[in-house]
Amino acid sequence: MKDFFRKFLVALKRKPQTIPLVLMVVTFLIYSLNLTYVSNTTAKIQGPNMGLCGFITMLFSMLSILCCMNAFPARKPVNRPMWILMFVMIAIVFVADTMYLNAIVAAINAPVNPIAVTLDTVYIVYAAYYIGLHRTFLIICVVVTLLLPVYSKMIRKINTSIDIEDNGEMAAIDISAD
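Residues numbered from 1 in each chain as written. Predicted model: local features only at pLDDT ≥ 70, side-chain atom pairs only at ≥ 80, totals over all residues. Heavy atoms only, no water.

## Some points on the pattern of salt bridges
Think of it this way: side chains of opposite charge can pair up when their charged atoms draw near.
Turning to step 1, where the next piece is worked out: Counted according to the given criterion, the structure contains two salt bridges.
Turning to step 2, where the next piece is worked out: The salt bridge partner of Asp3 is Arg6, with a shortest N-O separation of 3.3 Å. Of this pair, Asp3 and Arg6 both sit in helix H1 (residues 2-14), three residues apart, which is roughly one turn of that helix.
Turning to step 3, where the next piece is worked out: The class for Asp3 is partly exposed, based on a relative accessible area of 38%.
Turning to step 4, where the next piece is worked out: Taken together, the salt bridges that share partners define one network made up of Asp3, Arg6 and Lys7. (Salt bridge = Lys/Arg side-chain N within 4 Å of Asp/Glu carboxyl O. Helix = DSSP H or I, 4+ residues; strand = E, 2+ residues; numbered from the N terminus. Buried < 20%, exposed > 50% of the residue type's maximum accessible area, 1.4 Å probe, protein only.)

Now the structure itself:
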């Protein structure tokens, strides 16, 4: 277990950009694995642009992961256009999630014919919860990506070398080809 942890730290020292990438994948999984709640909510409420907001969130979440992968090439400086495009896509996803949540709140609190949340329509509450969680993870992804230079220096300071024991007989080894 100790060696596994050391190898994990060595991999992080070499490629610290995997931390924001993994967080972006986790953020995408939060949304995509709960897409049933979002789809059922869209079908029930049928608010303006709800389907479009769900489509934009799904599409730009996948594309922002690709931009994150291309923004940090191996042994090269940061690819600024991809880096900026990734943040623009994350901002668009955040706005789409906000519009979707506002449509849910407007449908539940409508003065005329509001949507009642019962046991049959509890998926509306689940959709609102997971979209709020998705927005929170988007903010965390942005912060972690922006702080990458700071914590990558801290990770590199961690000592991951292995102490090799010396028995003192290094001079006695004969390497001649007799």
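## Here's the deal with the side chain of Asp97
Turning to step 1, where the next piece is worked out: Considering the arrangement of structural elements, one finds Asp97 in helix H5 (residues 80-108).
Turning to step 2, where the next piece is worked out: No salt bridge is formed by the buried Asp97, whose closest oppositely charged neighbour, Arg135, lies at an N-O distance of 6.1 Å.
Turning to step 3, where the next piece is worked out: Once residues within four sequence positions are removed from consideration, Asp97 is found in contact with Tyr31, Thr57, Ile131, His134, Arg135 and Leu138. (Lys, Arg positive; Asp, Glu negative; His and termini not counted. Contact = heavy atoms within 4.5 Å.)

## Re empty space enclosed by the protein
Turning to step 1, where the next piece is worked out: Tallied over the full model, the rule gives one cavity of 30 Å³ or more.
Turning to step 2, where the next piece is worked out: In this structure, the largest cavity occupies an estimated 60 Å³ of space.
Turning to step 3, where the next piece is worked out: At the level of secondary structure, the elements contributing two or more residues to the lining of the largest cavity comprise helix H2 (18-32), helix H4 (50-71) and helix H6 (123-146).
Turning to step 4, where the next piece is worked out: When the residues that make up the lining of the largest cavity are grouped by side-chain class, the tally is five nonpolar, four polar and no charged. (1 Å grid on protein atoms, 1.4 Å probe; cavity = no way out; pocket = protein on both sides within 12 Å on 5 of 7 lines; lining within 4 Å. Points joined across faces, edges and corners; volume = space filled by probe spheres on them. Nonpolar A, V, L, I, M, F, W, Y, C, P; charged D, E, K, R; others polar.)

## A closer look at a nonpolar patch on the surface
Turning to step 1, where the next piece is worked out: On the surface, Ile139, Val143, Leu147, Val150 and Met154 cluster together to form a nonpolar patch covering roughly 450 Å² of accessible area.
Turning to step 2, where the next piece is worked out: Elements supplying a minimum of two residues to the nonpolar patch: H6 and helix H7 (148-156).
Turning to step 3, where the next piece is worked out: Relative to the helices and strands, Val150 resides in helix H7.
Turning to step 4, where the next piece is worked out: A relative accessible area of 49% places Val150 in the partly exposed class. (Patch = residues over 30% accessible without salt bridge, like charges linked within 9 Å, V, L, I, M, F, W, Y side chains within 5 Å. Areas by Shrake-Rupley, 256 points an atom, 1.4 Å probe, with all protein chains shown as cover.)

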